[in-house]
Amino acid sequence: MHPLVNIAVGAARSAGNLIMRHYDRVDELRVHSKQRNDFVTEVDRSAEARIIEHIHRANPNHAILGEETGASGSDEVRWIIDPLDGTTNFLHGFPQFAVSIGIEVRGKLEHGVVYNPYSQELYTASRGAGASLDGRRIRVSRASSLDGALLGTGFPFRDDQDIDAYVALFKDVMANTAGVRRAGAAALDLAFVAAGRLDGFWEQGLKPWDMAAGVVLVREAGGMVGDMAGRGDPMDTGNIVAGNPKVYEALGGKIMRHLRKR
């Protein structure tokens, strides 16, 4: 395992332990609303602080992009952190949330770690070295089309997102697949694509920290990741489609047809 991944794993596990100590007493937490349907708790902030402390103990000059603390530092290595992806799930005791840590080196995503502290499942990946779940190599599914595929998505929840357009796409996808799941944690959805638990995934309006680690996982597990409009980098646009190569192509084509109608 790459030394930076070792650091990320230690940081993710430490943050996960902190998160789980509060899991059965979320009613005691202070909860703030960033915007409609987007929450942050003291656990998010404490977990991010713990991750950054862990990173800087080993590499004090490395740059950080964190969901809660924003951007800091200037270095060829940048850590992209979501300390608690799925905060709403966590607040409701719904066990689908994760710590997500992606690592860029000279502007390229090189490593990713996603850790589910509830199940204690640990996903890791490094560019050119493959992806693993709890130390076992993982690959994307072998689904050959959308027919019979199981997909993940994220519903639009902010006022600036076109819900009607999304619903039309969702209905079209539902009619051609085995089903669509909306579990509420993009980092885990992407990890599930990498592990073959989902055949594909799409969502709009994400942030870099939602995707960074998952993008590395999917690519290193033999999958494909791109922007929903077929241009640009989803890390920049926030609109992502991912899947095994055949599902990625089919799902991307369906998304593109709906975008052209708008």
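Please refer to the structure higher up on the page.
Residues numbered from 1 in each chain as written. Predicted model: local features only at pLDDT ≥ 70, side-chain atom pairs only at ≥ 80, totals over all residues. Heavy atoms only, no water.

## Observations concerning helix H5 (residues 186-195)
Moving on, step 1. Counting buried residues along H5, nine of its ten residues qualify, which places the element largely inside the surrounding structure.
Moving on, step 2. Residues of H5 that are buried: Ala186, Ala187, Leu188, Asp189, Leu190, Ala191, Phe192, Val193 and Ala194.
Moving on, step 3. Gly196, located one to two residues past H5, shows a positive phi value of around 80°. (Buried < 20%, exposed > 50% of the residue type's maximum accessible area, 1.4 Å probe, protein only. Helix = DSSP H or I, 4+ residues; strand = E, 2+ residues; numbered from the N terminus.)

## Some words on the side chain of Thr153
Moving on, step 1. Mapped onto the secondary structure, Thr153 falls in strand E11 (residues 150-153).
Moving on, step 2. Residue Thr153 is classed as buried on the basis of its relative accessible area, which comes to 1%.
Moving on, step 3. Separated by 2.9 Å, the side chain of Thr153 and the backbone oxygen of Trp202 make a polar contact.
Moving on, step 4. If we skip the residues at most four places from it in the chain, Thr153 touches Tyr166, Phe170, Val180, Arg181, Arg182, Ala183, Asp189, Phe201, Trp202 and Glu203. (Polar contact = N/O pair within 3.5 Å; in protein donor to acceptor, adjacent residues only side chain to side chain. Contact = heavy atoms within 4.5 Å.)

## Examining helix H2 (residues 42-58)
Moving on, step 1. Over its 17 residues, H2 extends 25 Å from the first C-alpha to the last, a length consistent with the 24 Å expected when each residue adds 1.5 Å.
Moving on, step 2. Every buried residue of H2 is listed here: Val43, Asp44, Ala47, Glu48, Ile51, Ile52 and Ile55. Projected down its long axis, H2 shows its buried positions confined to an angular sector of 165°, all on one face. (Expected span 1.5 Å × (residues − 1). Arc of directions from axis to C-beta.)

## Notes on the sheet that holds strand E8 (residues 121-126)
Moving on, step 1. Strand order in this open sheet of eight strands is E4-E3-E5-E6-E7-E8-E9-E10, and the pairing throughout is mixed. The open sheet is flanked by strand E4 (70-72) and strand E10 (136-137), the only strands paired with a single partner.
Moving on, step 2. Summarising the sheet, strand E7 (residues 108-116) and E8 pair through six bridges and their orientation is antiparallel. Paired with Gly112 across the bridge in E8 is Ala125. (Pairing = 2+ DSSP bridges.)

## Section: the nonpolar core
Moving on, step 1. Counting 36 residues, the largest nonpolar core has Val114, Tyr123, Leu217 and Ile240 as its most contacted members.
Moving on, step 2. Where this core is concerned, the elements lending two or more residues are E7, E8, strand E9 (130-133), H5, helix H6 (208-220) and strand E15 (240-243).
Moving on, step 3. In this structure, Tyr123 is in contact with Gly112, Val113, Val114, Ser132, Leu133, Ile138, Leu188, Ala191, Phe192, Ala195, Arg197 and Leu217, ignoring residues within four places of it in sequence.
Moving on, step 4. Core analysis: the next-biggest nonpolar cluster, separate from the first, contains 32 residues, Ile7, Val77, Trp79 and Phe97 among them. (Core = buried A, V, L, I, M, F, W, Y, C linked by side-chain atoms within 4.5 Å.)

## Topic: the environment of Trp202
Moving on, step 1. Among the structural elements, Trp202 can be located in strand E13 (residues 200-203).
Moving on, step 2. On the basis of relative accessibility, which here comes to 0%, the residue Trp202 falls in the buried class.

## Examining unusual backbone geometry
Moving on, step 1. Positive phi, normally seen in glycine, also occurs at Arg106, with a value near 50°.
Moving on, step 2. Inspection of the secondary structure puts Arg106 in the loop between strand E6 (98-105) and E7.
Moving on, step 3. One non-glycine residue, Asp134, lies in the positive phi region at around 50°.
Moving on, step 4. Along the polypeptide, Asp134 turns up in the loop between E9 and E10.

## Some remarks on the packing of H5 against H6
Packed helices, taken two at a time, are described by their axes: the angle between them and the distance between them.
Moving on, step 1. Running from amino to carboxyl end, H5 crosses H6 at an angle of 0°, the nearest separation of the two axes being 8 Å. Taken together, the axis directions place H5 and H6 in an arrangement best described as roughly parallel. Counting all contacts with H5, which are made through Ala186, Ala187, Leu190, Ala191, Val193 and Ala194, the residues of H6 involved are Asp210, Met211, Gly214, Val215, Leu217 and Val218.
Moving on, step 2. Split by residue class, the contact of H5 with H6 holds ten nonpolar, one polar and one charged. (Axes fitted to C-alpha atoms, helices over the stretch in contact; angles between N-to-C directions. Parallel < 35°, antiparallel > 145°, perpendicular 65-115°, else oblique. Nonpolar A, V, L, I, M, F, W, Y, C, P; charged D, E, K, R; others polar.)

## Quick word on the pattern of salt bridges
Moving on, step 1. Counted under the stated rule, the structure contains six salt bridges.
Moving on, step 2. Here Arg197 ties to Glu121 by a salt bridge, and the two come within 2.8 Å at their closest N and O atoms. Here Arg197 is found in the loop between H5 and E13, whereas its partner Glu121 is found in strand E8, with 76 residues between them in sequence.
Moving on, step 3. By relative accessible area, Arg197 is classed as partly exposed at 36%.
Moving on, step 4. Glu121 gets classed as buried once you look at its relative accessible area, which sits at 18%.
Moving on, step 5. For the salt bridge of Lys254 with Asp172, the shortest nitrogen-to-oxygen distance reads 3.4 Å. Remark: Asp172 occurs in helix H4 (residues 163-174) and Lys254 occurs in helix H8 (residues 245-261); sequence separation between them is 82 residues. (Salt bridge = Lys/Arg side-chain N within 4 Å of Asp/Glu carboxyl O.)

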